[in-house]
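Structural overview
Here's the letter readout for the chains.
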Amino acid sequence: MHPNTHLARLHREKAATTGDIHYLRFTTVSVKYWTSAVPSDAELRSQSLRHCLWLGLFAYGLYTLVLEVTAPPSVLGLFLVLCGALHALAILAYYLSRPLLASIWMIIVLLFCISVMNLYGFTPEQSAEYYFLLVPPLIFMVLPPEQRQWQLSLLTLTVVLMTLVFLLPRGTSPWFTMSSDDYAGYKWLDLMVCLMAMSVVCRSFITRLLRQRDQLERLALIDQLTGLPNRNASLERMATLYNQAQPFSVVILDIDDFREVNHRKGQEMADVLVRKLAQRLRTHLPESDFMARVGGDQFMVVSDRATSAESVEALMLQLQEVVTRRNFEMGSASERLRVSLGATLSELSESPQALNRRLMQALGLARADERKRFLLNPGTSAEKPAASPVLSRAPVR
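Residues numbered from 1 in each chain as written. Predicted model: local features only at pLDDT ≥ 70, side-chain atom pairs only at ≥ 80, totals over all residues. Heavy atoms only, no water.

Let's talk about the pattern of salt bridges
Inspection of the entire model under this criterion finds eleven salt bridges. The closest approach of N and O atoms between Asp256 and Arg338, which form a salt bridge, is 3.8 Å. Of this pair, Asp256 sits in the loop between β3 (249-255) and α8 (258-265) while Arg338 is found in the loop between β7 (333-335) and β8 (339-345), placing the two residues 82 residues apart along the sequence. In this structure, the salt-bridge partner of Lys265 is Glu335, at a minimum N-O distance of 3.7 Å. Residue Lys265 is found in helix α8, and its partner Glu335 is found in strand β7; the two are separated by 70 residues along the sequence. In this structure Lys265 comes out as partly exposed when scored by relative accessible area, which is 26%. (Salt bridge = Lys/Arg side-chain N within 4 Å of Asp/Glu carboxyl O. Helix = DSSP H or I, 4+ residues; strand = E, 2+ residues; numbered from the N terminus. Buried < 20%, exposed > 50% of the residue type's maximum accessible area, 1.4 Å probe, protein only.)

Here we look at the nonpolar core
Counting 51 residues, the largest nonpolar core has Leu53, Met106, Ile107, Tyr131 and Val142 as the members making the most contacts within it. Going through the elements one at a time, α1 (41-70), α2 (75-95), α3 (99-121), α4 (135-142), α5 (148-167) and α6 (180-221) are the ones with two or more residues in this core. Grouped together as the second largest cluster of nonpolar side chains are 33 residues, Ala270, Met291, Met330 and Leu337 included. (Core = buried A, V, L, I, M, F, W, Y, C linked by side-chain atoms within 4.5 Å.)

A look at the side chain of Thr64
Among the structural elements, Thr64 can be located in helix α1. Given a relative accessible area of 15%, Thr64 falls into the buried group. Setting aside residues up to four positions removed in sequence, Thr64 forms contacts with Gly77, Leu80 and Val81. (Contact = heavy atoms within 4.5 Å.)

See the structure below:
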């Protein structure tokens, strides 16, 4: 993922439920983040199978049509019609939600077609054993890894049939005899069909690899409970602003006495409370502010909008009011939260580690402060007295 990507806006509704975990759905304003869930490997394999099924039916029909146009009626044309009809049964099985049956039947029909055509359809000099090379990648593309037994069985069948094609004597009267010019033309047709089939196979493999990479990146940068960016994503965001030499502020929000809430309400209800808090915070924050969940009870806001002490204090006050102005409904009961907020401003000459240490110091001072808000400016040590002119407290409402 490009380092400039960032979360922009939160939908006010929740997304669909996956198991017992509810995810919040996000969209972007100007930069793509991840607008929807990445398709699973099973969905991508199903899509690949559908493409192969229709491509196979197209190939059977294409060869039948070419034979009808360029050659007199022969047994080979009728045989291709039979194979196309058998292949159509695989398409029917797919749309009856039997993808495994469709995959196996499609491969068996293809092996049957290739073997019989090579044994009885052509002369030995005009055979097409190279079609067997299409079968192994097709097997691995349409059959999932957990069907290892079927993969090995079909691969073994492919090797056996290919060996028989080379060892068994050919028919004395082939179904279709080609002249040298016809043979060259059909070779070009074979080449086009093989290239088309391999392009579908390669594209499916590459697409699945890219999707899996996106899924891993998503898991690495998204908090699975709330759908917000996680700590790694917040570090990426700060690194981007540092590289752009753009001033910014960081606010960290910590839920007070969250362990007591967790113990009293239970883990499941505590998770619901965290999700509700995340939704409320993101809904009331400006779209330009980056928000992440960086701990079990901690959230972080990175803002390139609030770059002065006054604007940071206003941002902290806004966050505090959003949390405390009304209770969180928890079924038949409600829960009131109190939070502590620490904040600091960035300094271009410092390292991100120094900023993070100062931010944690500000949070520690906020917990001890009666206002529960504390802004620790650059160049200030936590051990300095509160009266220091570079140490600022958020105003009292």
